[in-house]
Amino acid sequence: EKNGFDHFMLKEIFEQPKALEKTMAGRVDKETNEVDFPELAWTEEQVAKWDKVHIVACGTAYHAGLLGKAAIEELTRTPVDVEVASEFRYRNPIVNENTLVIAVSQSGETADTLAALRQSKELGAKTLSITNVVGSSISREADDVILTLAGPEIAVASTKAYTTQVLSFYLLGIYLAQKKKQITPEQNAQYMAALQEVPEQMEEILFHNDEIKEYGESIKDAKSVFFLGRGIDTAVALEGSLKLKEISYIHSEAYAAGELKHGTLALIEEGTPIISLLTQEKLYDKMLGNIKEVSARGANVLGVTMRGNVKVTQYVDETCFIPETYSLFTPLLSVLPLQLISYYTSLALGNDVDKPRNLAKSVTVE
Ligand code: M6R
């Protein structure tokens, strides 16, 4: 059932191109190339009514939610809050009938996410769930459901569920923008063409697996690893850091690079591995400035960046190139090397990759 892979996690990482294709199929109108969610059938009036969106989730699903915020705000200019469900549910959130609440959960059974969903319903919000499990509690209780079609995810460390959740948010953002007439047919077509290219671009990254493996093995004895980014790269940094902690048990932190000098820079020492993300063109120079700061303290920096951005190579010790796409969509690609790094680090340490200590696949207690 592992299809020749040594672990479910590796199999699931490699299943991502197919999972994305499946999640996209049936949601794109072949004639107009517009996004269509037959399962939602929201009217323009309904969509116009929502003046606030809340995304609630835990762990990796929360990290997907951070990208959901970026997509919905960028494409529709509607304010979006993202919060971990265990905080949201205990803080008397401002939610009413003009709010859309989106609960994101691979399993559809996470106790805190379910409680946040129930509370939002009681407060009169419209609720939507993005989940991978048909018939799960969260899918049954939400008003509407977008199913990620990733197929069963067995490894505790979430990979293909994350990328299909992120893709669902991009499609949802475009769908909402269409309903609000905030996207031109040309823009629409360009975005859809770019998204349709992603599965193949993922294959290209997976093909260079061996280089990433070497890097993953090289950091196995690190005391601490830092993930840096700016803009949406910060959200991907958080996901890379969680993955690494979860299965390699190495301490790691994700940081918005501009915040470093407000405290965290004190932790950087000779040889500290830094995984930096540089996928947002308008932030390249700012990131390079931050990389200089850590290099000056002896850190060993890996730069994950778009192919063609050779300038980066002068500033970092190692580079991992990913194919080009729209700035908004880069997380679908940049997260792959991070997933693979955590896998190979964990493997080199002899850990139980698929079943890390202290953790469960589905967290049904709060
Ligand atoms: O099933 P859910 O998406 O609701 O699970 C949420 C988190 O428990 C989950 O994403 C967790 O953070 C993963 N093990 C991370 O890889």
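Chains are numbered independently. Their residues run from 1 in the order of the written sequence. A pLDDT threshold of at least 70 governs which residues receive local features in this predicted model, and a stricter bar of 80 or more applies before side-chain atom pairs are shown or counted, although totals over entire chains, interfaces and linings include all residues. Calculated side-chain values reflect all of the structure's heavy atoms, with hydrogen atoms and water omitted.

Engineer: Break down the sheet that holds strand β7 (residues 251-256) for me, citing the residues and quoting the values.
Structural biologist: Strand pairing is defined by DSSP finding a minimum of two bridges between the two strands. What counts as a helix is a DSSP run of H or I of at least four residues, what counts as a strand is a run of E of at least two, and both are numbered from the N terminus. Judged by pairing direction, the sheet is parallel, and its five strands sit side by side in the order β7-β6-β8-β9-β10 without closing on themselves. Here the strands that pair on one side only, and so sit at the sheet edges, are β7 and β10 (318-322). In this sheet, neighbouring strand axes are inclined to one another by 20° on average, regardless of whether the strands run parallel or antiparallel. Here six bridges tie strand β6 (residues 224-229) to β7, and the two strands are oriented parallel to one another. Counterpart to F226 in the pairing with β7 is E253. Residue contacts are defined here by distance: any two heavy atoms, one from each residue, within 4.5 Å place the two residues in contact. In this description, a line fitted to the C-alpha atoms serves as the axis of each element, helices being fitted only across the stretch in contact, and the angle between N-to-C directions of two axes falls anywhere from 0 to 180 degrees. Running over the sheet, helix α12 (residues 284-295) touches β6, β8 (273-278) and β9 (300-306) and is turned about 170° from β8.

Engineer: Would you mind going over the sheet that holds strand β1 (residues 52-57) in detail, with residue names and values included?
Structural biologist: With respect to topology, five strands assemble into an open sheet ordered β2-β1-β3-β4-β5, the strand pairing being parallel. At either end of the open sheet lies a strand with only one pairing partner, and these are β2 (80-84) and β5 (144-147). Between one strand axis and the next, the sheet turns by 20° as a mean value, whatever way the strands run. The pairing of β1 with β2 spans five bridges and is classified as parallel. Residue pairing for β2: A57 is matched across the bridge by V84.

Engineer: Talk me through the side chain of R27; I want residue IDs and the actual numbers.
Structural biologist: By the element assignment, R27 lies in the loop between α2 (16-24) and α3 (44-49). Within the structure, the side chain of R27 is placed 2.6 Å from the side chain of E39, a separation counted as a polar contact. Here R27 is in contact with E34, V35, D36, F37, E39, I146, L147, L149 and L171, once residues within four sequence places are set aside. Polar contacts, as counted here, are pairs of nitrogen or oxygen atoms within 3.5 Å of one another; within protein the pair requires one atom able to donate a hydrogen and one able to accept it, and residues that are adjacent in sequence qualify only if both atoms are side-chain atoms.

Engineer: So what's going on with unusual backbone geometry? Residues and values would help.
Structural biologist: Of note in the backbone geometry, N3 takes a positive phi value of approximately 50° without being a glycine. Within the secondary structure, N3 is located in the segment before α1 (8-14). In this structure, A41 takes a positive phi of about 45° despite not being glycine. Relative to the elements of secondary structure, A41 occurs in the loop between α2 and α3. Categorising residues by exposure relies on relative accessible area from a 1.4 Å probe, with only protein chains included: less than 20% of the type maximum marks a residue as buried, more than 50% marks it as exposed, and the intermediate range marks it as partly exposed. For A41, a relative accessible area of 58% translates into the label exposed.

Engineer: With reference to specific residues and values, describe the site of the ligand.
Structural biologist: Being near a molecule or strand, for a residue, comes down to having at least one heavy atom within 4 Å of it. Every one of the 14 residues lining the ligand counts as a neighbour, but S105, Q106, S107, T110 and E246 are closest to it. Between the ligand and the protein, one listed contact pairs an oxygen atom with a backbone N or O atom of T60 at 3.1 Å. Using the Shrake-Rupley algorithm and a 1.4 Å probe, accessible areas are obtained, with residue cover drawn only from the displayed protein chains. Within the complex, the protein chains bury 90% of what would otherwise be the 410 Å² of accessible surface of the ligand. The set of elements that each furnish at least two residues to the shell around the ligand consists of α4 (59-76) and α11 (232-248). Under the scheme applied, nonpolar residues are Ala, Val, Leu, Ile, Met, Phe, Trp, Tyr, Cys and Pro; charged residues are Asp, Glu, Lys and Arg; polar residues are all the others, including Gly. Taken together, the residues of the shell around the ligand sort by class into five nonpolar, seven polar and two charged.

Engineer: An account of the nonpolar core is requested, with residue identities and associated values reported.
Structural biologist: Ranked by internal contacts, the top residues of the largest apolar core, which has 103 residues, are W42, I102, L172, L195, I275 and V294. Considering every element that reaches this core, the biggest residue donor is helix α8 (residues 160-179), with eleven residues. Leaving out residues up to four positions away in the same chain, L195 has contacts with M24, L167, Y170, L171, I174, F329 and L332. Within this scheme, the nonpolar core is defined by two criteria: the residues are buried Ala, Val, Leu, Ile, Met, Phe, Trp, Tyr or Cys, and they are joined through side-chain atoms within 4.5 Å. Of all hydrophobic cores here, the second largest spans twelve residues; its members include V56, F88, A103 and A125.

Engineer: Tell me about the confidence of the model for the chain, and name the residues and values.
Structural biologist: The pLDDT value tells you how sure the predictor is about a given residue, anywhere from 0 up to 100. Chain-level pLDDT for the chain is 96 on average; 100% of the residues reach the 70-or-more range. If you check the scores for this complex, the pTM reads 0.98 and the ipTM reads 0.99.

Engineer: Which residues make up α2, and what values do they have?
Structural biologist: Within α2, burial applies to Q16, P17, A19, L20, T23 and M24. What you see down the axis of α2 is that its buried residues fit within an arc of 165°, all on one side. In α2, the exposed positions that point more than 90 degrees away from the buried face belong to K18 and K22. Contact partners of the buried residues in α2: α1, α8, α9 (185-207) and α13 (331-348). The first or second residue beyond α2 is G26, which carries a positive phi of 85°. The arc refers to the directions leading from the helix axis to the C-beta atoms.

Engineer: Requested: an account of the pattern of salt bridges, with residues and values cited.
Structural biologist: Here, a salt bridge means any Lys or Arg side-chain nitrogen found within 4 Å of an Asp or Glu carboxyl oxygen. By the definition in use, this model includes 20 salt bridges. The partner of E15 in a salt bridge is K11, and the shortest N-O contact between them spans 3.0 Å. Judged by its relative accessible area of 22%, E15 is partly exposed. Assessed through its relative accessible area of 12%, K11 is described here as buried. Between K52 and D81 there is a salt bridge whose closest N-O contact spans 3.3 Å. On the criterion of sequence distance, the pair formed by K52 in strand β1 and D81 in strand β2 is long-range, its members being 29 residues apart. The class for D81 is partly exposed, based on a relative accessible area of 30%. One connected set of salt bridges, linked through shared partners, spans K11, E15 and K160.

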